[in-house]
Amino acid sequence: MLSRSKLLRSAHLKILRSRLITSCFKSVSTFMEISGDEAMKTSHKQVNMPSVIHQREYKYAEGKVYHGFRCERVEHISDFELTSFTLRHEGTGTELWHIDRNDANKVFSISFRTTPFDSTGLPHILEHLVLCGSKKYPVRDPFFKMLNRSVATFMNAMTGPDYTIYPFSTMNEMDYRNLQHIYLDAVFRPNLTYLDFLQEGWRLENEDIHDQSTPIVIKGVVYNEMKGAFSENAQVFGQNLLNNILPDHTYGHVSGGNPLEIPNLSHIELVDFHRKYYHPSNSRIYSYGLLDLSKTLAILDNEYLSEQSCIDNSFSLTPQQERWVQPRNVHIFSRLDNMGATIDRQNQIAIALLMCDATNIQENFELQVLSEILIRGPNSVLYKNIIEPNFSGGYNQSTGYLSDTKDTAFVVGLQDIRVENFTKFIELFDKTISKAMNDGFESQHVESVLHNLELSLKHQSPYFGNTLLFNSTALWNHEGDIVSNLRVSEMISRLRARISQNKSYFQDKIKQYLVNNNHRLTLTMSPDGLYEKTFKVAELEQLNQKLKALNTEMLEKIYENAFMLDAFQKAKPNSDVLPCLTINDVIDPPKRPKIFIQSIQNVQTQICKVSTNDITYFKCLFNITGLSQEETMLLPLFCNVISVMGTSKYNYRELDKLILSKTGGIDFKFNLIEDVKDAKSYWLSVMMTTHALDKNIPDMFGLCQELIHNFRFDDLDRLKMLIQNYISNMSVGVASSGHLYAMLGATALVSNAGKLKSLLSGVDHIEFMKNFVQNTNMVEVGDKLRLIGTKLFNKSNLRGAINCTESYFPLAVSHYRNFLEALPSFEKNKKSSKIHFYDPSCQHYVMNIPVNYCAKAFFAAPYMHQDHPTLRVLAKLLSAKYLLPVVREQNGAYGAGAKISTDGIFSFYSYRDPHSSKTLHVFEKTYDWLRSERQMIDEQSIFEAKLGVLSQLDSPIAPGNIGVDYFLYEVSPEYFEKYRSRMLSVTIEDLQDAIEKYFRKPSSHYGKCILGPANKHLDLETSKKWKIIV
Ligand SMILES: [Zn+2]
């Protein structure tokens, strides 16, 4: 799920995977595991740099047939320097969209239009079952198995509201072909066995399968997954919004599955659905990057399509929603969130208006721009009139332009709002919209939104091919013109022309779509103290219905099935049939541009000259010294608000306009970094990051300078509002990233540095901020923040980094010099703090959710220690061979794994887990498993684990981000290569040594942490004393 801010920031490059998509927890994480949190957040920011293709001769010409595919359309799109080929298989009508682009990160995907007609989660369960083995690859969960046999940069399967998509990307050609075979066989020839259905979908089973007297309960992977998904209020709200604004056809249902309806699905219905919907005629295939398309075409035609006929796929089309004659109101209930705001404020409201057909691309584009103009930032009217009066916790996660469906929608919603303010919100919304219709917008504001859009076209993202796919999927699914939709510059010019011809262009649109539109839904949501109980009663009622229908014979069958399933899960997987890369395929490290260090104005500056598409990227790292404990605790808030409070020269509205119209934003972020050599000390820093078109570089440095010199925190009303929104937004993410919070919580028990990390970004931080705000007046808060700024921004505390095109470099440096010259400078005092370790302890954050997130962390060895690469390989091996099979496949958690971070902390985790002490016990038994399964640690399994690590080490990086790890951790690119080759040369003996050294005896510094429901037996079940935090 993407954050709201991101949602609002990217008008055109709209949201990859909106809140409506049920995505499986399988994506490959990144490069250096900074901290768990970081890795997750940055995973999609880094990419390879695609460069310009000059005068290429193309083999594929319109009208010609290649391996059964007729080439229908060829177009060059200069905005992205790509050539688009649309081909259609003559026998089946399957459409194949190939994007030729000079980008090493190749993408492949196959998708189907899957329109559910109930909420049993059929398409979602089918998505899982398809990945349980196929004719050629009868291996369960080939994705998880392939994670360690490939160097994929992305591998996933997702169920959207009316489509199911299977995408992957990799930089390795061999890997690409391997994965392509697996994906195609999985979707076209899956085994779809009954046992798989029981495991992945739902089943009745004795609580303890070995004891027939224990009660029968409902189990199943998707069943649990959706219970977990619906434990997040933001998700419940988003799902209900979709179901209610488009109620008549497929969007009226929950494609992921409503836990109360999942048990109505039968295996046979699922098999029938597959036969009908996974027909090649109902599929769409995407390929992207520098690769030989003819190989793909040949495989498809020879192995899967040539024997199939063409069927009419119109049965899966979603019709347009019939427009309402009058607006509707719907109220729903949510779970009480004990991490959230006070109970009287835990309500949400949204107004959603149906827009236009998704296939009307220019209209949709313009409406998206309009929605940005209305919603985003302090110069937009809705922000001014609805957010600034500060009667809520800010926009909720559903806010924005919803474009994943056949009809698009415009949504504005608030979180953490009192029920008595619902009417106020509606009145303010209507008043603001009607005022905008009459008065129009300030042209400078419109320009800044358009500039930002144009800049985003130039900005290179490392997963461009993936992004392009996700942004096109819904439109393609509705048979829209995906090729023309890429001509963004043309759409912008068309829009500019229309605005200049008709001064009231946007006003007319507002009138048509926002004022005279009866298809309007007002959705409200309030917490219900009995929510969980009501659900449990309904669940029990359903279970009783099922049980009533059982006779002795069926009961016996249930008991037998459980044994069969158990044996099936524990059987050794025959992964050998899966293809695997060899060492020769991956021995060479990816070529990365060189990094230089230069002293400029006595400031250590890192330079990377690289093709950046006329953008200069600038980073500035301020080491922090001399902050008090409380000031340190306020650093995250400081970073969050400094660039949105204005300066002494510009108020915050003017500043926002300037930043948007000249740069891609100026962001501040704090870092806590442990010494990667010995983990004996740590230091704190704040990094400022920005980028701009080369021609705007003087302005970019000017704005940075203005912020650093003239920041202000004296608008106390604004500060108060920003802090409240900050706290509200933080608590929204806890349930969806629970494993990261659990790992942070466990790390907090290991050392003082870990403790500080959790206080600065974990669950503890939310609590700290709530208390702090309650007990401190705003004048004091403002003063404290100001003081942090005066201590922080200091030339002698600073390192800089510039990534830009070679030809622009001299100019960039001269502007950088001016920037440095003007910075204040006082005595250098780079000081780090000592790390000390704690005695073992356990902590349970009690949350009102039906699933657990468990973690155990202990100190092992930091990044530059010789054992680190070995432990990293071991973590991969444990995840693949031990934790996933036991915690996920046997015990029903949605995800599980182990990792070691640069700070030397080795962590185990589980995700959306029905168990807690049972999972912790699995973590505890690691050494026993390693001993008893010694034979499993063979050359092949070690090599697979190495590949898993490699896919992180070698993942693509965006030109603007090259060298960022060096910059933060001061680990040189040469050391990084040494680390890589040492990792590749880890032997069985190295692993055995590490196992004895780190796992035989419990570490003297470890912590365990659970986020999940209350459990009064925890002490007894784990023989440990738990600290309970409610
Ligand atoms: Zn799933």
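On a predicted model such as this, the values are computed, not experimentally measured, just so you know. (Residues numbered from 1 in each chain as written. Predicted model: local features only at pLDDT ≥ 70, side-chain atom pairs only at ≥ 80, totals over all residues. Heavy atoms only, no water.)

## Things to note about the overall build of the chain
Across its full length, the chain holds 38 helices and 30 strands. For the chain, the C-alpha radius of gyration of 28 Å lies close to 31 Å, the compact-globule estimate for 1030 residues. Overall, the chain is about 80 × 65 × 65 Å in size when its C-alpha atoms are taken along their principal axes. For the chain, buried positions account for 64% of its 1030 residues. Pairs at least 24 apart in sequence give 82% of the contacts found in the chain among residues at least 6 apart. Here the chain holds 111 positive side-chain charges and 114 negative ones, and the gap between their average locations is 3 Å. (Helix = DSSP H or I, 4+ residues; strand = E, 2+ residues; numbered from the N terminus. Rg over C-alpha atoms; globule rule 2.2 N^0.38 Å. Buried < 20%, exposed > 50% of the residue type's maximum accessible area, 1.4 Å probe, protein only. Contact = heavy atoms within 4.5 Å. Lys, Arg positive; Asp, Glu negative; His and termini not counted. Charge placed at Lys NZ, Arg CZ, Asp CG, Glu CD.)

## Observations regarding the packing of aromatic side chains
Given two aromatic rings, one states the distance between the centres and the angle between the planes to describe the pair. Following the criterion strictly, the structure yields 44 aromatic pairs and no others. Taken together, the ring pairs in this structure connect Phe-622, Phe-638, Phe-668, Phe-711, Phe-713 and Phe-793 into an aromatic cluster. Note that Lys-609 overlies the ring of Phe-809, its terminal NZ or CZ placed 4.5 Å from the centroid. In this structure, Lys-856 packs its charged tip against the face of Tyr-1006, placed 5.1 Å from the ring centre. (Phe/Tyr/Trp six-rings, centres within 6.5 Å; stacked < 30°, edge-to-face > 60°. Lys NZ or Arg CZ within 6 Å of the ring centre and 35° of its normal.)

## Digging into the pairing of strand β5 (residues 95–100)
In terms of residue burial, β5 counts as a mostly covered element, since 6 of its 6 residues are buried. Bridge analysis of β5 against strand β12 (residues 283–288) gives 5 bridges, and the strand direction is parallel. Across the sheet, residue Leu-96 finds its bridge partner in β12, namely Ile-285. (Pairing = 2+ DSSP bridges.)

## Thoughts on the side chain of Thr-83
Locating Thr-83 in the fold gives a position in strand β4 (residues 82–89). A distance of 3.1 Å separates polar atoms of two side chains, one belonging to Thr-83 and the other to His-76. (Polar contact = N/O pair within 3.5 Å; in protein donor to acceptor, adjacent residues only side chain to side chain.)

## Re unusual backbone geometry
Phi is positive for Asn-390, close to 55°, though the residue is something other than glycine. Mapped onto the elements of the fold, Asn-390 is located in the loop between α12 (381–387) and β15 (400–402). A positive phi angle is found at Glu-970, which is not glycine, with a value near 55°. Take Glu-970: it is sitting in the loop between α35 (964–969) and α36 (973–984).

## Observations concerning helix α26 (residues 738–747)
An α-helical turn contains 3.6 residues, so a residue and the one three or four places further along point in the same direction. Among the 10 residues of α26, 10 are classified as buried, and the element is accordingly described as predominantly covered. The complete set of buried residues in α26 reads Gly-738, His-739, Leu-740, Tyr-741, Ala-742, Met-743, Leu-744, Gly-745, Ala-746 and Thr-747.

## Observations regarding empty space enclosed by the protein
Picture a little ball the size of a water molecule; that probe, rolled over the atoms, points out where space is still empty. What the rule picks out here adds up to 9 cavities of 30 Å³ or more. As a volume, the largest cavity reaches approximately 360 Å³. At the level of secondary structure, the elements contributing two or more residues to the lining of the largest cavity comprise α8 (233–245), β14 (347–357), β16 (407–417) and α25 (716–732). Element by element, the count of residues in the lining of the largest cavity is highest for α25, at 3 residues. (1 Å grid on protein atoms, 1.4 Å probe; cavity = no way out; pocket = protein on both sides within 12 Å on 5 of 7 lines; lining within 4 Å. Points joined across faces, edges and corners; volume = space filled by probe spheres on them.)

## A closer look at the layout of surface pockets
Roughly 1500 Å³ of internal volume is contained in the second largest pocket. Lining the second largest pocket we find 48 residues, and of these Glu-207, Val-217, Lys-219, Pro-914 and His-915 sit closest to its centre. For the lining of the second largest pocket, the secondary structure elements donating two or more residues are β10 (203–206), β11 (216–219), α7 (221–229), α18 (531–548), α19 (552–570), α31 (868–890) and α32 (917–924). Considering each element in turn, the lining of the second largest pocket owes the most residues, 7 residues, to α18. For the lining of the second largest pocket, the class distribution of residues is 19 nonpolar, 15 polar and 14 charged. (Nonpolar A, V, L, I, M, F, W, Y, C, P; charged D, E, K, R; others polar.)

## Concerning the sheet that holds strand β17 (residues 520–527)
What holds strands together in a sheet is hydrogen bonding between their backbones, with the strands either parallel or antiparallel. Spatially, β13-β17-β14-β16-β15 is the arrangement adopted by the 5 strands of the open sheet, whose pairing is mixed. Only two strands of the sheet have a single partner each, and these edge strands are β13 (328–334) and β15. Within the sheet, the average angular offset between the axes of one strand and its neighbour, ignoring direction, is 25°. Pairing of β14 with β17, which is carried by 6 bridges, proceeds in the antiparallel orientation. Bridge assignment links Ile-351 to a residue of β17, and that residue is Thr-522. Running at roughly 35° to β14, helix α13 (residues 422–439) makes contact with β14, β16 and β17 of the sheet. (Axes fitted to C-alpha atoms, helices over the stretch in contact; angles between N-to-C directions.)

## A look at the confidence of the model for the chain
Do not read the fine detail of predicted coordinates wherever pLDDT is low. Averaged over every residue, the pLDDT of the chain is 90; residues scoring 70 or more account for 94%. Throughout residues 1–55 the model reports pLDDT below 50, and contacts reaching past four residues in sequence, or to other chains, amount to 196 contacts. (pLDDT = per-residue confidence, 0-100.)

## Focus: helix α17 (residues 505–515)
Those residues of α17 not exposed but buried are Tyr-505, Phe-506, Gln-507, Lys-509, Ile-510, Tyr-513 and Leu-514. On its buried face, α17 sits against β14, α11 (361–375), β16, α13, α14 (443–458) and α16 (488–501).

## Considerations on the sheet that holds strand β26 (residues 853–859)
What the 6 strands build is an open sheet, ordered β27-β28-β26-β29-β25-β30; its pairing is mixed. Strands at the two margins of the open sheet, each flanked by one partner only, are β27 (895–900) and β30 (1026–1029). When the angles between neighbouring strand axes are averaged without regard to direction, this sheet yields 15°. Where β27 meets strand β28 (residues 905–911), 6 bridges bridge the pair, whose relative direction is antiparallel. Bridge pairing in β28 places Gly-895 opposite Tyr-911.

## Thoughts on a negative patch on the surface
Residues Asp-938, Glu-939, Glu-989, Asp-990 and Asp-993 make up a contiguous surface patch of negative charge. Considering every element that reaches the negative patch, the biggest residue donor is helix α37 (residues 988–999), with 3 residues. Here Asp-993 falls in the exposed class, since its relative accessible area comes to 53%. (Patch = residues over 30% accessible without salt bridge, like charges linked within 9 Å, V, L, I, M, F, W, Y side chains within 5 Å. Areas by Shrake-Rupley, 256 points an atom, 1.4 Å probe, with all protein chains shown as cover. Salt bridge = Lys/Arg side-chain N within 4 Å of Asp/Glu carboxyl O.)

## Some remarks on the packing of α14 against α16
Two numbers describe how α14 lies on α16: the axes approach to 11 Å, and their chain directions differ by 165°. In this view, α14 runs roughly antiparallel relative to α16, as classed from their interaxial angle. Classified by chirality, the crossing of α16 by α14 is left-handed. Here α14 contributes Val-446, Glu-447, Leu-450, Leu-453, Glu-454 and Leu-457 to the contact with α16, which in turn contributes Val-488, Ser-489, Ile-492, Leu-495, Arg-496 and Ile-499. (Parallel < 35°, antiparallel > 145°, perpendicular 65-115°, else oblique. Left-handed = near helix turned anticlockwise from the far one by under 90°.)

## Notes on the nonpolar core
One broad rule of soluble globular proteins: the nonpolar side chains tend to lie buried together. Of all hydrophobic cores here, the largest spans 161 residues; its most connected members are Leu-374, Leu-382, Phe-410, Leu-785, Phe-819 and Leu-1011. At 8 residues, the largest contribution of residues to this core is made by α11. Sequence-distant contacts of Leu-1011, that is, excluding residues within four places in its chain, are made with Val-734, Gly-738, Tyr-741, Ala-742, Val-763, Tyr-845, Met-847, Val-851, Asn-852 and Tyr-853. (Core = buried A, V, L, I, M, F, W, Y, C linked by side-chain atoms within 4.5 Å.)

## Looking at the pattern of salt bridges
Under the definition given, this model contains 53 salt bridges. Note that Arg-101 is salt-bridged to Asp-103, the shortest N-O span being 4.0 Å. Here the two residues Arg-101 and Asp-103 agree in accessibility, since each one is buried. Put simply, Arg-73, Glu-75, Asp-481, Arg-487, Glu-490 and Arg-494 are held in one network by salt bridges that share partners.

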